Amino acid sequence: MRYISTRGHSPDISTRGQAPARDFADVLLAGLAEDGGLFMPETWPHFSPADWRALRGLPYADVAARVMQPFVGGAIPFEVLQGICRDAYAGFGHPAVAPLVQLETGLFTQELFHGPTLAFKDMAMQVLGRLFDHVLAQRDKRVTIVGATSGDTGSAAIEACAGRDRVDIMILHPHGRTSEVQRRQMTTVLAPNVGNIAVQGTFDDCQDLVKALFADAGFRDEVRLSAVNSINWARIAAQIPYYVASALALGAPDREVAFSVPTGNFGNVLAAWVARRMGLPVARLVVGSNRNDILARFLAANDMSMQPVEPSLSPSMDIQVSSNFERLLFELLDRDADLTRQTMLDFRRTGRMTVAAPVWHHARTLFHGFRLDDPGTEAEIRRLHAACGYLADPHSAVGIAAARALPAGGGVPTVAMATAHPAKFPDAMEIATGHRPALPPRMADLFGREERFSVLPNDLGAIEAAVRALVGRNRV
Ligand SMILES: *Cc1c(COP(=O)(O)O)cnc(C)c1O
């Protein structure tokens, strides 16, 4: 499988001067294409009904390996990929990995939060860390991953990289501005290749520091900086299998299924779209937003206009721009890279995007938008708890409410994606239901574990020195 950029320029990342060979491994390590576009597979793999049926009854990790295999192509042998998937999901807190729970007739939720950090990012990140190790070993290289976090993505990245042979990871968080659970999920990981910096500043300061690290070309090359952000194609690829697994459990390919996805950067729901593109019979895709509803506004009125981010009960969906939307746009524009690039540059410049009417109508046949504010989210959490005793975190509650508001009809079941464990948001849960969910047993001692992090000023030199020290420790 070869990969192209949504912005069309043909970067030559591995061979310099030869025909560009951008395979899955190149795309994994590069993240973003050199022209600023996102990588997309050159063609979409297709599974026949018999291919889907052959996956029925397999353990989750094996479904994952088989669904990802066409995207990985020749870059990694199937047996290695399968070993990586088995290892990645072995540590999950539920034997089904991503279990399906019935909430009412025709409505299910798929729990994607049984990984080490209790959020759905683990589903892809646990695979990604191991893929990095494998590809870097093949190339005899190391990388240093740096990232800024306001809370959740940092811990998933740390858990994915901790103890890996070829990766060092340094995560910056704003000192005193994350919740204690969020901080401890990062700072109690004591593997020697993990570093945590509490920056004396805001999340924006952390992000600016990370950008400045990448902008310092000398430093970037010296420590071989890399990122594992949500535009990495490998993360999308690793998110397709759970849609396949739940669809199969509900009768696919002989029966249709619908999905409802609480959405931020559009990565999760894009993976559902890819599953459909591969031939999975998906009748409907519902995109759930909180008050930061840029996607819902686009689908309702062809108005993709940036607005300031407002904090909500579902912080992982508090976004101004959904970075993976560019991939859908590229498809909607019939893979016209020039038009995609121009549309994205105009959007950045003007803060607004409207697409041609036929393109918008096409988007509306693919996705249904839904918006839920904080009082609505709280009401949905309370309603679910009263109706069936189920505790859905605020993100998951948005997806479940969206599924109930926009059913596919015709007896097609809807699966709403549950993206975080309720124990990650104990205050919201307590206000809505009167119950404070406990952390799962394997994490119950989080508050007793040793923490390790440095508090540093908002100063590039200090951060670079700390990254050098981490890297030096592991490369001697
Ligand atoms: C990241 C995240 C989301 C949003 O997923 P996207 O792929 O960015 O759309 C939703 N819920 C939780 C809990 C998350 O961590």
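Residues numbered from 1 in each chain as written. Predicted model: local features only at pLDDT ≥ 70, side-chain atom pairs only at ≥ 80, totals over all residues. Heavy atoms only, no water.

The name an unreviewed UniProt entry assigns to the protein is Threonine synthase, from the organism Rhodopila globiformis. In UniProt, the protein has this text filed under Pathway (unreviewed entry): "Amino-acid biosynthesis; L-threonine biosynthesis; L-threonine from L-aspartate: step 5/5." In UniProt, the protein has this text filed under Cofactor (unreviewed entry): "pyridoxal 5'-phosphate". (UniProt positions renumbered as here; feature names shortened; annotations may be inferred.)

Among the secondary structure elements, Glu 464 is positioned in helix H19 (residues 460-474). Between the C-alpha atoms of Glu 464 and Pro 315, which are 149 residues apart in sequence, the distance is 29 Å. Contact partners of Glu 464, with chain neighbours within four places excluded, come to Leu 213, Asp 216 and Phe 219. (Helix = DSSP H or I, 4+ residues; strand = E, 2+ residues; numbered from the N terminus. Contact = heavy atoms within 4.5 Å.)

Attention shifts here to the sheet that holds strand E14 (residues 414-418). Strand order in the open sheet formed by six strands is E3-E4-E14-E9-E10-E13, with mixed pairing between adjacent strands. What marks the edges here is a single partner per strand, and that holds for strand E3 (100-104) and strand E13 (368-371). Going from strand to strand, the sheet's axes swing by 25 degrees on average, the running direction of each strand aside. (Pairing = 2+ DSSP bridges. Axes fitted to C-alpha atoms, helices over the stretch in contact; angles between N-to-C directions.)

What follows concerns the UniProt feature "modified residue: N6-(pyridoxal phosphate)lysine" (unreviewed entry) in the protein. UniProt annotation of "modified residue: N6-(pyridoxal phosphate)lysine" (unreviewed entry) refers to Lys 121 when read in the numbering used here. Assignment of secondary structure puts Lys 121 in helix H5 (residues 121-138). With a relative accessible area of 17%, Lys 121 lands in the buried category. Excluding its chain neighbours within four sequence positions, the residues that come into contact with Lys 121 are Thr 153, Ala 156 and Arg 235. (Buried < 20%, exposed > 50% of the residue type's maximum accessible area, 1.4 Å probe, protein only.)

Two measures define how a pair of helices packs: the angle their axes make with one another and the distance between the axes. Packing of helix H13 (residues 325-332) against helix H14 (residues 337-350) leaves a shortest axis separation of 9 Å and a crossing angle of 135 degrees. When the interaxial angle is binned, H13 and H14 end up oblique. The two elements H13 and H14 cross, and the hand of that crossing is right-handed. Where H13 abuts H14, its residues Glu 326, Leu 329 and Phe 330 lie against Ala 337, Thr 340, Thr 343 and Met 344. When the residues that make up the contact of H13 with H14 are grouped by side-chain class, the tally is four nonpolar, two polar and one charged. (Parallel < 35°, antiparallel > 145°, perpendicular 65-115°, else oblique. Left-handed = near helix turned anticlockwise from the far one by under 90°. Nonpolar A, V, L, I, M, F, W, Y, C, P; charged D, E, K, R; others polar.)

Within the structure shown, the criterion is met by 31 salt bridges. Here Glu 180 and Arg 183 are joined by a salt bridge, their closest N and O atoms 3.8 Å apart. In this pair, Glu 180 and Arg 183 both sit in helix H7 (residues 180-187), three residues apart, roughly one turn of the helix. The salt bridge partner of Glu 450 is Arg 452, with a shortest N-O separation of 3.8 Å. Since its relative accessible area comes to 48%, Glu 450 is described here as partly exposed. (Salt bridge = Lys/Arg side-chain N within 4 Å of Asp/Glu carboxyl O.)

Moving on, we come to the packing of aromatic side chains. Under the counting rule described, the total for this entry stands at 13 aromatic pairs. Taken together, a centroid distance of 5.2 Å and an interplanar angle of 65 degrees make the contact between Tyr 89 and Phe 92 edge-to-face. A relative accessible area of 8% means that Phe 92 is categorised as buried. Taken together, Tyr 3, Trp 44, Phe 71, Trp 233 and Trp 273 form an aromatic cluster joined through their ring pairs. (Phe/Tyr/Trp six-rings, centres within 6.5 Å; stacked < 30°, edge-to-face > 60°.)

Another aspect to go through is the pairing of strand E6 (residues 167-174). Among the eight residues in E6, eight count as buried, and that is most of the element. Covered by surrounding structure in E6 are Val 167, Ile 169, Ile 171 and His 173 together with Asp 168, Met 170, Leu 172 and Pro 174, the residues of both alternating faces. For strand E5 (residues 143-148) and E6, the ladder comprises six bridges, and the chain directions are parallel. When the bridges of E6 are listed, Thr 144 appears paired with Asp 168. One ladder, built from six bridges, connects E6 with strand E7 (residues 194-200); its direction is parallel.

Close to the ligand lie 14 residues, the nearest being Lys 121, Gly 264, Asn 265, Asn 268 and Thr 419. Within the contact set of the ligand, an oxygen atom lies 2.6 Å away from a side-chain nitrogen or oxygen of Lys 121. The backbone of Asn 265 places a nitrogen or oxygen atom 2.7 Å from an oxygen atom of the ligand. Its residues assigned to classes, the shell around the ligand comprises five nonpolar, eight polar and one charged. (Near = heavy atom within 4 Å. Polar contact = N/O pair within 3.5 Å; in protein donor to acceptor, adjacent residues only side chain to side chain.)

Pairing within the open sheet is parallel, and its five strands lie in the order E8-E5-E6-E7-E15. Each edge of the open sheet is held by one strand with a lone partner, namely strand E8 (225-226) and strand E15 (454-457). Sitting on the sheet, H7 touches E6 and E7, and the angle it makes with E6 is about 160 degrees.

For a regular strand, the rule is simple: side chains alternate between the two faces of the sheet. Within strand E9 (residues 257-262), six of the six residues are buried, which leaves the element mostly enclosed by the surrounding structure. Alternating residues of E9 divide into Val 257, Phe 259 and Val 261 and Ala 258, Ser 260 and Pro 262, and every residue in both groups is buried. Sheet analysis places E9 next to strand E10 (residues 282-289), joined by six bridges and oriented parallel. Counterpart to Phe 259 in the pairing with E10 is Leu 285. Between the parallel pair E9 and E10, the chain is carried across by helix H11 (residues 267-277), and the sense of this crossover is right-handed. Both E9 and E14 contribute to a ladder of three bridges, which runs parallel. The residue bridging Ala 258 from the neighbouring strand is Thr 414, located in E14. (Right-handed = clockwise from strand over helix to strand, strands pointing away.)

Attention now goes to the nonpolar core. A general tendency of soluble globular proteins is for nonpolar side chains to be buried together. Counting 113 residues, the largest nonpolar core has Phe 24, Tyr 89, Leu 131, Phe 132, Trp 233, Phe 259 and Phe 367 as the members making the most contacts within it. If you tally residues by element for this core, the top one is helix H10 (residues 233-249), at 11 residues. In contact with Trp 233, not counting residues within four places along its chain, are Tyr 3, Phe 24, Val 27, Phe 39, Met 40, Pro 41, Trp 44, Phe 71, Val 274 and Arg 327. Core analysis: the next-biggest nonpolar cluster, separate from the first, contains 18 residues, Ile 197, Val 210, Val 223 and Ile 463 among them. (Core = buried A, V, L, I, M, F, W, Y, C linked by side-chain atoms within 4.5 Å.)

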